Structure formats: structure tokens, C-alpha cells
Amino acid sequence: MSSRNFKSIAPTETLEIEKGLSVVPRVKLLLTIYRSDRSVKPIDEWQLKRSLLDYLKKNSLLTIPEEDLEIHSFKDLSKRNREDPVASGTLYVRDLGFILHKDKAELLLENKKEGEVDEEWKVVEKKFFEWRSSFVKKLDGIELSLQGVKFKANAVVPITDDFNELKKSWEEFYAFDSRGVFSRIGKRQPDTLILRGVPSRWFAETRVSLEPSVLVSHTIFEVFGNIKNLNATGDVDLLKNGEEGEDSIASGLQCKIVVQFEKYDDFCNAMKVLCGRSMQKQGSRLRAEYEVTWDKGDFFRNSDQRNGRLQDTVEHHNKRPSIHSRLTQNDSEGSHPKRFKVEFPCSTEEDGHVDHLQIKYWKTKAYRLNS
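Predicted model only: the values in this text are computed from it and were never measured. (Residues numbered from 1 in each chain as written. Predicted model: local features only at pLDDT ≥ 70, side-chain atom pairs only at ≥ 80, totals over all residues. Heavy atoms only, no water.)

(A) Geometry of the overall build of the protein. The number of helices and strands found in the protein is ten helices and 15 strands. Taking all 371 residues of the protein together, the buried fraction comes to 34%. Considering only contacts in the protein between residues 6 or more positions apart, those separated by 24 or more positions represent 65%. Roughly 24,400 Å² of accessible area belongs to the protein as shown, and the carbon and sulfur atoms make up 48% of that amount. (Helix = DSSP H or I, 4+ residues; strand = E, 2+ residues; numbered from the N terminus. Buried < 20%, exposed > 50% of the residue type's maximum accessible area, 1.4 Å probe, protein only. Contact = heavy atoms within 4.5 Å. Areas by Shrake-Rupley, 256 points an atom, 1.4 Å probe, with all protein chains shown as cover.)

(B) Inspection of the pattern of salt bridges at higher detail. Throughout the structure, instances matching the rule amount to nine salt bridges. Between arginine 26 and glutamate 289 there is a salt bridge, and its shortest N-O distance comes to 2.8 Å. With arginine 26 in the loop between β2 (21-25) and β3 (27-35) and glutamate 289 in the loop between β12 (287-288) and β13 (291-294), the pair connects residues that are 263 residues apart, well separated along the chain. A residue is classified by how much of its surface remains accessible, and arginine 26, at 2% relative accessible area, is buried. Measuring nitrogen to oxygen at the nearest pair gives 3.2 Å for the salt bridge that ties arginine 132 to aspartate 162. Residue arginine 132 is found in helix α3 (residues 120-139), and its partner aspartate 162 is found in the loop between β7 (149-156) and α4 (163-175); the two are separated by 30 residues along the sequence. According to the relative accessible area criterion, arginine 132 is buried, its value standing at 11%. Through salt bridges with shared partners, a single ionic network connects Arg26, Asp68, Arg94, Asp161 and Glu289. (Salt bridge = Lys/Arg side-chain N within 4 Å of Asp/Glu carboxyl O.)

(C) A look at the nonpolar core. Counting 40 residues, the largest nonpolar core has Trp170, Leu193, Leu195, Phe203, Phe221 and Met279 as the members making the most contacts within it. Broken down by secondary-structure element, the contributors of at least two residues to this core are β2, α4, β8 (192-199), α5 (214-221), β9 (227-234), β10 (254-261), α8 (264-274) and β13. Ranked by residue count, the leading element in this core is α8, at seven residues. When neighbours within four sequence positions are excluded, leucine 195 is seen to be in contact with Phe203, Phe221, Cys255, Lys256, Ile257, Met279, Tyr290, Glu291 and Val292. In terms of nonpolar packing, the next biggest core, distinct from the first, is built from 32 residues, Val27, Leu48, Ile71 and Trp131 among them. (Core = buried A, V, L, I, M, F, W, Y, C linked by side-chain atoms within 4.5 Å.)

(D) Spatial organisation of the sheet that holds β13. Spatial strand order, β9-β10-β8-β13: four strands in an open sheet with antiparallel pairing. Of all strands in the sheet, those with a lone pairing partner are β9 and β13, marking the two edges. Neighbouring strand axes in the sheet, compared pairwise and without regard to direction, differ in orientation by 15° on average. In terms of strand pairing, β9 meets β10 through seven bridges, oriented antiparallel. Bridge pairing in β10 links threonine 233 to lysine 256. (Pairing = 2+ DSSP bridges. Axes fitted to C-alpha atoms, helices over the stretch in contact; angles between N-to-C directions.)

(E) View of the sheet that holds strand β6 (residues 142-146). Overall, antiparallel pairing links the five strands, which are arranged β4-β5-β3-β7-β6 in an open sheet. The two strands at the open ends of the sheet, each matched to only one other strand, are β4 (69-73) and β6. Sheet twist, expressed as the mean angle between neighbouring strand axes with direction ignored, is 25°. The pairing of β6 with β7 spans five bridges and is antiparallel. Note on β7: the bridge partner recorded for isoleucine 142 is alanine 153. Packing of helix α1 (residues 45-58) onto the sheet brings it into contact with β3, β4, β5 (87-93), β6 and β7, and relative to β6 it is tilted by some 130°. Contacts from α3 reach β3, β5, β6 and β7, with the element oriented near 10° to β3.

(F) Inspection of the packing of aromatic side chains at higher detail. Enumeration according to the criterion identifies 15 aromatic pairs in this entry. Ring centres 5.2 Å apart and planes at 10° place the aromatic pair tryptophan 131 and phenylalanine 135 in the stacked group. Taken together, the residues span about one helical turn, with tryptophan 131 and phenylalanine 135 both in helix α3 at a distance of four residues. Across this residue pair, the class does not change: tryptophan 131 and phenylalanine 135 are buried. (Phe/Tyr/Trp six-rings, centres within 6.5 Å; stacked < 30°, edge-to-face > 60°.)

(G) Inspection of the pairing of β3 at higher detail. Note that β3 and β5 share seven bridges and pair antiparallel. In the strand pairing of β5, lysine 28 is matched with tyrosine 92. Where β3 lies against β7, six bridges are found, and the strand directions are antiparallel. Across the sheet, isoleucine 33 pairs through a bridge with alanine 153, a residue of β7.

(H) Here's a closer look at α1. Its 14 residues give α1 an end-to-end C-alpha distance of 20 Å, which sits within 8% of 20 Å, the value for a rise of 1.5 Å per residue. Within the span of α1, buried status applies to Leu48, Lys49, Ser51, Leu52, Leu53 and Leu56. In this structure, the buried side of α1 is in contact with β3, β4, β5, α3, β6 and β7. For α1, the N-terminal capping position is held by aspartate 44, with its side-chain oxygen 3.1 Å away from the main-chain nitrogen of tryptophan 46. Phi turns positive one or two residues past the end of α1, at serine 60, with a value near 55°. (Expected span 1.5 Å × (residues − 1). Polar contact = N/O pair within 3.5 Å; in protein donor to acceptor, adjacent residues only side chain to side chain.)

(I) Main features of the side chain of serine 213. Counting through the fold element by element, serine 213 comes out in the loop between β8 and α5. Setting aside residues up to four positions removed in sequence, serine 213 forms contacts with Phe203, Ala204, Glu205 and Ala232.

Written out as C-alpha cells, the structure reads:
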């Protein structure tokens, strides 16, 4: 697919990339749950989950499968203040077909009646954002009751799932310099994205290694445009930040891909496609809920600095005089060789007489080399 086609992709469209990978649209909401009363009863995660699913169904919002809602209570509840959250969660909405329950021709006709003439993908995009905004408002601030204990839930779309918010963040960042002063230098734009939370084996060479491959990663991301730099490694930071248990084990199997594009437009196309989607691989039931964000220009710049320091160290080492040159230098400074006489017995087969073979040789003065 050429890069110009990525601009006309609706947020409800599934895209196939390379190596059997595809990105599937979905809506992700982060939930934060607080207590609404003075109760100190322990939290039942399963009951809280069922209560939230029933609320969505009874209020005709959505019917969410149980596996698409995750609720986790905090372990240090006894140490938290009353106004602190007691649990967090993640809600996924994967079936977005209801947004286009009307025929596309009807949507275009309605749009023309409003005095706007947009392309089809813009109409679908507009409907999608209107529904998402309305859904978040209805879910944000709802109150739940579990056996007399009241809770309040807040909902928000993470910034890594909102392309418009990400674009706004880098435009504000590059509009001002590090001191917060408006930059009058030439227009600066990002060109590097960071993808985390995808299985390493999906980006590895088949039957060769389970580690992410730069070559395979380059083939996958090259569909968005020409690549200037690329780095593919295991996500060590995610493993360090994870807690002990299954999550930390899973994080050790994930990788971190950093891609720097040659053109800003290609970078934008890749960010737009990856935002608000999950990744799947053909033949696998696993669905990767990755996180994509933009780099402020530090990653490859710091790598270049590290490589520069390494190169300076190598050059400094090469400039140091060798052992032979230092020995020669010490000899030229006036150290005189000493003459030794060595005698040891030597027998011959003819007469059986033992002679003393005299060998004269020169031995240089021993030197202590300063490292």
C-alpha cells in the first residue's frame, strides 16, 4: 500500500501490514475507581466487574464480553487515603460495526444536506469521534453499588490511543524551546515513533531466533515510507517496571521498536494507523494491546553520542604507544645492554667427552611498563 493511501483510512478499518500482521480497530478506555462512602470493606474484583458490565447492558450502551474488561484492585488499600483510588481497569470496545449501521450512501447524503462535501472516510471518521466522545461522557462518573458499598468510576481515552491529542502534544512541544520561550527557529517536526508491547517472536526471523530482528522490523514498517534509523530490542524497561508474576514473565517476551522515518508525512501516516488499534498475526489467537508514542529526538541522538564516545575511546587507545615503541624509546634514553656468559654441559657421541659450550648473548635491561 502506498503512503498516500494511509491518509484516507477510517478509524474503523482493519489494515494488513506485512509478515501476516494486521492492525484491528478498537476503543480503549482507562478506568479509575473510587469509594463513594466511608466503607472499608475489601474489594471483590469479580463483583465489581460484573456490576460494570451489567450497567453497560442495562443502559443500552454496549454489550461487552467479559474478557474485554479488566479490573485490578490496589494491594495497599490500608495505606491509602480516603480520596485515593482503590482500583483501576481497562475497557475494550472491539465491535465497532454498529457505528456504520446505516448505509454509507445515506451517511454521505446526510453530510451533503448539512452543507459539507467530504470524502467518505472523513464522514466515517466524524461519526466515530462523535460516538466515542459521547460514550466516554456517559461512562465517566458513573456510580456502582456492591452489596451496599458505593463506588464511582472515571473513564478516559489514553493519549496514546488518540492521534489528534498526540499530534497536538508534539506541535506544542516544538513550538517552544526548552526554556518555554516561543521558538523562532525553523519549523521542527518529529520523525520517530516508539512501539511497545508487541510479541518479540512476531518481529523475529522464523526458525532462527526469538529475538526481534532489525531486518524483519524494517520490512514491516517500510510500508509506511522510507526509514532512516531503526532499533529493535527486548523491552527491558517494561520488564524492570513490571511486578513479579505472570505480567513480568509476559513483559520479558515483548519488544520495543523505535523507527525514525525520513519524512514527516510518513511518520504521521504510521502514527495515525497504529493509534487506536490492536495487532494480530495470521494463525495466532493472541491479540497484542501495544502502546505507540513519539520520540522527542533523544533516542537516536543519545545513541550517536554513545557511539561517538566509544569511537573516541578506541581512537585514544590506538594513539597510545605500543610496547615495542616504548622499549625502543627507553633504549634510546641511554640504557646500555649487558653482556652475559652462560655455560652448560654438552656431550658428543664420538668420544663421550663432556664439553662446556659457551654462549654469549646480549640481554637488554628489564623495563617496567607504565599502564
